[in-house]
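Observations on chain architecture
Residues per chain, in single letters:
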Amino acid sequence: MAQYKIAWLPGDGVGPEILEAARLVLNELRLDADYVFGDIGWEFWCSEGDALPPRTIRLLKSVDAALFGAITSKPMRAAETELIGELQGTGLLYRSPIVRMRQLFDLYICLRPCKAYPGSPLNFREGIDLVVFRENTEDLYCGVEFSPVPSGISKRLLQLSKPFEAFKDLAADEYAISCKINTRKGSERIAHAAFEYARENDRKKVTIVHKANVVRASDGLFLETAQKVARQYPDIETDDANIDAIMMWLLKNPFNYSVLVASNLYGDIVSDLCAQMVGGLGFACSGNIGEKLAVFEPTHGSAPKYTGQYKVNPIATILAAKMMLEWLGETEKARRLEKAVASVIQEGKVRTYDMGGSAGTLEMAEAIASKL
Ligand code: IPM
Ligand code: MN
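Residues numbered from 1 in each chain as written. Chains lettered and ligands numbered in written order. Predicted model: local features only at pLDDT ≥ 70, side-chain atom pairs only at ≥ 80, totals over all residues. Heavy atoms only, no water.

Comments concerning the overall build of the protein
Put simply, the rule reads: A run of H or I in DSSP counts as a helix once it spans at least four residues, and a run of E counts as a strand once it spans at least two, with each numbered from the N terminus. Using C-alpha atoms as the atom set, the radius of gyration is obtained and then compared with a globule rule of 2.2 Å times the number of residues to the power 0.38. Think of it in three bands: with a 1.4 Å probe and only protein chains considered, a residue is buried below 20% of the maximum accessible area for its type, exposed above 50%, and partly exposed in between. Residues are treated as being in contact if the distance between any of their heavy atoms lies within 4.5 Å.
Across its full length, the protein holds 12 helices and 12 strands. Whereas a compact globule of 372 residues would reach a radius of gyration of roughly 21 Å, the protein reaches 21 Å, a difference of no more than 12%. Across the 372 residues of the protein, 53% fall into the buried class. Contacts in the protein between residues at least 24 apart in sequence constitute 76% of all its contacts with a sequence separation of at least 6.

Put into structure tokens, the structure is as follows:
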């Protein structure tokens, strides 16, 4: 039996080809692992009404970690379910399987390092080195939504909330409600993770991202809780910023920041900006980390228009594999892999289309593997 059991979840779109690239480097590193293929994605939603089938959930319960490629996720409302024939009118809505995995396995940390590898033509500035800690299970992603709004809800809101009077005369299908639920526990544990990381990695500052001046209840709780956690880390500088303002400040001076901690949706947004500053989605990797399981993935989507072309940049996925190695405790292999990635970028001989070159997905992976 191999040392590790890893769930291998290619998904759809370009997912399979980028995971093929990642496997190439993992094999070159001689990681002692069994890779067990799991079904996930749009295809399974269409064929069996479930993009994350129970057999995949069982698989995830039995592994040390998972590497996930990409899946097509579609915004879909009840009226559009005709796309999937039999399920029409059943009230079953497509929910992104990655979001489900995060919630089902309580993968409460979404760790998104955004580092400008020297020499990449896509770096916004050389030397950017940001790490985003995104809360990964609650907030606007909690799935508590109403459209149309049941009358029981609207009646109760009218009793409880003065501002709701502005909506009281609307018909049930003329408005929609999506709940943003943030808990003290959720806010506390992501803040802890961010500060612990800062301490362990010798980072001097953590910035709490929020919009507590407007979204007083939920963001107020997040900010207050994170500030309380910050007091346990007097060795680390803490500041906070509104989500809108920090988008400008990050562009103006990315070197003022180091670790950012945010609730789910703001973390989603701010991590895309940080990713773009270090090369865009071809470089952005994520770890969805819980106490028992962690699922690693490139941050980009399934890029359906490139499917089968072996064209997309596999660096994001290869860096996700590097994060997986770190999580498994294979720090030496992780270090070697990152060094190989950095060296291919620095040399600039092998570049994918996003970097202005013509190398394909596997060619990039082979160039990295040859440096290991
Ligand atoms: C991400 C993605 C997902 C998210 C989508 C695909 C549901 O944008 O991982 O950042 O919103 O979390
Ligand atoms: Mn995103």
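A look at the sheet that holds strand β5 (residues 129–135)
Filter applied, for reference: Paired strands, in this sense, are two strands between which DSSP finds at least two bridges. Helix axes are fitted to C-alpha atoms over the stretch in contact, other axes to C-alpha atoms as well, and angles between N-to-C directions run from 0 to 180 degrees.
With mixed pairing, 10 strands are arranged side by side in an open sheet as β2-β1-β3-β12-β11-β4-β5-β10-β8-β9. Each edge of the open sheet carries a strand with a single partner, namely β2 (33–37) and β9 (237–242). Recorded for the sheet is a direction-independent mean angle of 20° between the axes of neighbouring strands. Where strand β1 (residues 4–11) and strand β3 (residues 65–70) come together, five bridges link them in parallel fashion.

Description of unusual backbone geometry
Following serine 147, the chain continues into proline 148 via a peptide bond in cis, with omega recorded as 0°. Here proline 148 is to be found in the loop between β6 (145–146) and α5 (151–160). A positive phi angle, close to 50°, is found at aspartate 106, a residue other than glycine. Note that aspartate 106 resides in the loop between α4 (97–104) and β4 (109–115). Unlike most non-glycine residues, alanine 303 shows phi in positive territory, near 40°. Along the polypeptide, alanine 303 turns up in the loop between β12 (294–298) and α10 (315–328). Given a relative accessible area of 27%, alanine 303 falls into the partly exposed group.

Re the packing of helix α1 (residues 15–28) against helix α12 (residues 361–369)
This is how it is decided: With respect to orientation, any angle under 35 degrees is reported as roughly parallel, any angle over 145 as roughly antiparallel, any angle of 65 to 115 as roughly perpendicular, and every other angle as oblique. In this scheme the handedness of a crossing depends on how the near helix is turned from the far one: anticlockwise by less than a right angle means left-handed, clockwise means right-handed. Throughout this entry, Asp, Glu, Lys and Arg are counted as charged residues, while Ala, Val, Leu, Ile, Met, Phe, Trp, Tyr, Cys and Pro are counted as nonpolar. The remaining residues, Gly among them, count as polar.
Closest axis-to-axis distance for the α1/α12 pair is 9 Å, and the angle between their directions is 15°. When the axis of α1 is compared with that of α12, the two are roughly parallel. Considering the relative orientation of α1 and α12, their crossing is right-handed. Listed contacts from α12 to Glu17, Ile18, Glu20, Ala21, Leu24, Val25 and Glu28 of α1 are Thr361, Leu362, Ala365, Glu366, Ile368 and Ala369. For the contact of α1 with α12, the per-class residue count stands at eight nonpolar, one polar and four charged.

Digging into the side chain of aspartate 139
Cut-off, in case you're wondering: Pairs of N or O atoms are called polar contacts if they sit within 3.5 Å, as long as, within protein, a hydrogen donor faces a hydrogen acceptor (for residues adjacent in sequence, only side-chain-to-side-chain pairs).
Inspection of the secondary structure assignment puts aspartate 139 in the loop between β5 and β6. A polar contact of 2.9 Å, which involves the side chain of aspartate 139, links it to the backbone nitrogen of leucine 265. The residues touching aspartate 139, leaving out its near neighbours within four places in the chain, are Cys179, Lys180, Ile181, Asn182, Ser263, Asn264 and Leu265.

Thoughts on the site of ligand 1
The criterion, for reference: Nearness is defined per residue: one heavy atom within 4 Å of the molecule or strand is enough. Note that accessible areas follow from Shrake-Rupley with a 1.4 Å probe, and for residues the cover is restricted to the protein chains shown.
Contacts to ligand 1 come from eight residues, most closely from Arg102, Arg112, Arg134, Tyr141 and Asp268. Within the side chain of arginine 112, a nitrogen or oxygen atom sits 2.8 Å from an oxygen atom of ligand 1. Take tyrosine 141: an N or O atom from its side chain is 2.5 Å from an oxygen atom of ligand 1. Burial of ligand 1 by the protein chains amounts to 75% of its free accessible area of 320 Å².

Examining the pairing of strand β10 (residues 259–262)
With burial as the criterion, each face of β10 is covered, one bearing Val259 and Val261 and the other bearing Leu260 and Ala262. Examined bridge by bridge, β5 and β10 share four bridges and lie parallel to one another. Looking at β10, one finds that valine 132 is bridged to leucine 260. Taken together, the four bridges between strand β8 (residues 205–210) and β10 define a ladder with parallel strand orientation. The partner of threonine 207 across the bridge, within β10, is leucine 260.

So, the domain arrangement of the protein
For an interface, size is often stated in terms of accessible area lost upon the parts coming together. Defined as follows: Boundaries between domains were set according to an automatic or database domain assignment.
Here the protein is described as being made up of domain 1 (1–109 + 288–372), domain 2 (129–139 + 182–277) and domain 3 (145–178). Computed over C-alpha atoms only, the centres of domain 2 and domain 3 are separated by 32 Å.

Observations regarding the nonpolar core
For the record, the criterion: Grouping buried Ala, Val, Leu, Ile, Met, Phe, Trp, Tyr and Cys residues that are joined through side-chain atoms within 4.5 Å yields what is termed a nonpolar core.
Counting residues in hydrophobic clusters, the biggest one holds 64 residues, and the most contacted among them are Ile6, Leu67, Phe133, Phe296 and Ile368. Considering every element that reaches this core, the biggest residue donor is α10, with nine residues. Split by domain, the residues of this core number at least three in each of domain 1 (1–109 + 288–372) and domain 2 (129–139 + 182–277). Here isoleucine 6 is in contact with Leu31, Ala33, Asp34, Tyr35, Val36, Val63, Ala65, Ala66, Leu67, Met324 and Leu328, once residues within four sequence places are set aside. Formed by 23 residues, the second largest nonpolar core is a distinct cluster that contains Leu9, Leu52, Ile57 and Phe105.

Comments concerning the pattern of salt bridges
Applied cut-off: Whenever a carboxyl oxygen of Asp or Glu lies within 4 Å of a side-chain nitrogen of Lys or Arg, that contact is scored as a salt bridge.
One pass over the structure, following the stated rule, counts 23 salt bridges. Residues lysine 371 and glutamate 347 are paired through a salt bridge, measuring 2.3 Å at the closest nitrogen-oxygen approach. Residue lysine 371 is located in the segment after α12, and its partner glutamate 347 is located in helix α11 (residues 331–347); the two are separated by 24 residues in the primary sequence. In this structure lysine 371 comes out as partly exposed when scored by relative accessible area, which is 32%.

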